[in-house]
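Here is how the chains run, residue by residue.
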Amino acid sequence: ITPKDTRTPDQKAALERLIRELDGRFNFKKLSGHYEYASKACPSFKVDDYRRLINGDPAFVAETDEFLVRGDTGPKVKAWRQRLADAGYEIPVTDEFDQFTEQVTRWFQAKRKIVIDGKVGAQTEEEMSRFLEGVPPFEALPATGGPADLFERKAPGIMVRLTADLSVSVEDAAAILGNIGHECAGFEHLAQINGSAYGWPQWDGDRRDAYFAWCKSKKVDRASDEANYGYLLVELKTAEKRALAALAGAESLDAKTIAFEKSYERAGVKHYASRQKYAERALAAFVAADGKVTDKIADKPEEAPSSGQIKSISQLQRALIFLGGKIDGEENRLGPRTRQAIERFERLTDLPVTGAASPVVMAAVQAVFRSLGGR
């Protein structure tokens, strides 16, 4: 079969507009076709015809973008913290790019639906400019409500339960979901396509047999979400609990995703880029959940947070005070001052403003509390 360009004039014009739009937003470094990497004809037209549309060199070039990252200091960092403050985040305007700056940057990136890495490069700067100008985030594809966004629909609720049941951070939960998303193709394939593995994390061999036996003993459907989640907890609290220590010991979302793969999945072929992309999608979906996955928790007093683990109203109050909340005289109850402190935190972190001590709020406060050295 002779390759042929079958696009209509309208399709060609649409592709040109898309390339110009994306290049203007993301500053392409290269533009290439599949035929330049393999003995293929696709996309069945000359990519050279479109290279003239981008600002970069047509040839492959080295990455030259400069980033602000944790540990940096100076006027550029101060300017970025000022922009975060202008965007509504209550962050002191200093010249230090600390852990809190990185976390707030991640929240902003998730809100704008761009790569969530906590670094400030050209893309993040551009998105900040667009945000301050009131321009909505770029949407490559609209949400369909179909299989394509099944992962986004399920991930936030699972993350809420993980943070509550395992006392892990939101990023830890996202790293777990990143690995699960890769393994089962975003919950589309419980049974391995070309193999014997089964379930969310693709249990195989003795672990698969143990899962099947556990489902039989509990009289639950092995294909159900509750069964998969239940046995995931069993492993992470017993034979695979070292994976939680590995998560806690890693600092960034990418590092946590790799740490969980190494300690829990132990896959033959790693595919870290895919796992990290699913982790980013999970975190972005969690941020965008708009409180739809929250549940009321018991107003039960406990001791001060241990290792930053927040499980009760009293622990939440102590953490909120640490983060600048004005709470006094309420003594372990969800009174008006505590609700005001929660609302303040929700506004600073772009969570839906509810004033409720929900699992989402608990997990988010815990993440910030830990990131700032709270114990």
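Residues numbered from 1 in each chain as written. Predicted model: local features only at pLDDT ≥ 70, side-chain atom pairs only at ≥ 80, totals over all residues. Heavy atoms only, no water.

The next point concerns the overall build of the chain. The number of helices and strands found in the chain is 15 helices and 0 strands. A sequence separation of at least 24 residues applies to 52% of the contacts in the chain between residues at least 6 apart. Of the roughly 19,300 Å² that the chain leaves accessible, carbon and sulfur atoms contribute 52%. (Helix = DSSP H or I, 4+ residues; strand = E, 2+ residues; numbered from the N terminus. Contact = heavy atoms within 4.5 Å. Areas by Shrake-Rupley, 256 points an atom, 1.4 Å probe, with all protein chains shown as cover.)

Applying the stated rule across the entire model yields 12 aromatic pairs. Considering the side-chain rings of Phe108 and Phe131, the 5.9 Å spacing of their centres and the 80° angle between planes classify their relative orientation as edge-to-face. Of this pair, Phe108 sits in helix α4 (residues 99–112) while Phe131 sits in helix α5 (residues 122–132), and the two are 23 residues apart along the sequence. A relative accessible area of 24% places Phe131 in the partly exposed class. Taken together, a centroid distance of 6.1 Å and an interplanar angle of 45° make the contact between Tyr211 and Phe212 tilted. Exposure remark for Tyr211: the relative accessible area of 0% places this residue in the buried category. The aromatic ring of Tyr264 is capped on one face by Arg207, whose charged end is 4.7 Å from the ring centroid. Over the face of the ring belonging to Phe212 we find Arg222, whose NZ or CZ atom lies 3.7 Å from the ring centre. (Phe/Tyr/Trp six-rings, centres within 6.5 Å; stacked < 30°, edge-to-face > 60°. Buried < 20%, exposed > 50% of the residue type's maximum accessible area, 1.4 Å probe, protein only. Lys NZ or Arg CZ within 6 Å of the ring centre and 35° of its normal.)

At a minimum axis separation of 8 Å, helix α10 (residues 242–249) and helix α11 (residues 253–265) run at an interaxial angle of 160°. When the axes of α10 and α11 are compared, the pair comes out roughly antiparallel. For the pair α10 and α11, the crossing hand works out as right-handed. From α10, Arg242, Ala243, Ala246, Leu247 and Ala248 reach across to α11, where they touch Lys256, Ala259, Phe260, Ser263 and Tyr264. Taken together, the residues of the contact of α10 with α11 break down into 7 nonpolar, 1 polar and 2 charged. (Axes fitted to C-alpha atoms, helices over the stretch in contact; angles between N-to-C directions. Parallel < 35°, antiparallel > 145°, perpendicular 65-115°, else oblique. Left-handed = near helix turned anticlockwise from the far one by under 90°. Nonpolar A, V, L, I, M, F, W, Y, C, P; charged D, E, K, R; others polar.)

Along the polypeptide, Arg347 turns up in helix α14 (residues 336–348). Placed 257 residues apart in sequence, Arg347 and Glu90 show a C-alpha to C-alpha distance of 9.1 Å.

A separate point is α10. Inspection of α10 places Ala243, Leu244 and Leu247 among the buried residues, and these make up the whole buried set. One side of α10 carries all its buried residues, which in axial view fall inside an arc of 100°. Opposite the packed face of α10, turned more than 90 degrees from it, sit the exposed residues Ala245, Ala248 and Gly249. Buried residues along α10 sit against α6 (150–166), α7 (170–183), α9 (225–237) and α11. (Arc of directions from axis to C-beta.)

Once that is clear, we can look at the side chain of Ser263. Among the structural elements, Ser263 can be located in helix α11. With sequence-adjacent residues up to four places away left out, Ser263 is seen in contact with Glu240, Arg242, Ala243 and Ala246.

This next bit is on α6. Between the first and last C-alpha of α6 there are 24 Å, a value that for 17 residues agrees with the 24 Å anticipated at 1.5 Å per step. Turning to α6, its buried residues number three or more, namely Leu150, Phe151, Ala155, Pro156, Ile158, Met159, Val160, Leu162, Thr163 and Leu166. Trailing α6 by a residue or two, Ser167 shows a phi angle of about 55°, which is positive. (Expected span 1.5 Å × (residues − 1).)

Inspection of the secondary structure assignment puts Lys46 in the loop between α1 (9–26) and α2 (48–51). Taking relative accessible area as the criterion, Lys46 reaches 59% and is therefore assigned exposed.

To continue, consider the packing of helix α3 (residues 75–86) against α5. At their nearest, the axes of α3 and α5 sit 10 Å apart, and the two run at 35° to each other. The handedness of the crossing between α3 and α5 comes out as left-handed. Only Thr124, Glu125, Met128, Ser129 and Leu132 of α5 make contact with α3, whose side of the interface consists of Trp80, Arg83, Leu84 and Asp86. In terms of residue class, the contact of α3 with α5 is made up of 4 nonpolar, 2 polar and 3 charged.

Within the largest apolar cluster, 79 residues are counted, with the highest numbers of intra-cluster contacts made by Leu162, Leu177, Phe187, Leu236 and Val365. With sequence-adjacent residues up to four places away left out, Leu162 is seen in contact with Ser167, Val168, Ala173, Ile176, Leu177, Tyr229, Leu232 and Leu233. Counting 6 residues, the second largest nonpolar core, distinct from the first, contains Leu31, Phe45, Val47 and Leu53. (Core = buried A, V, L, I, M, F, W, Y, C linked by side-chain atoms within 4.5 Å.)

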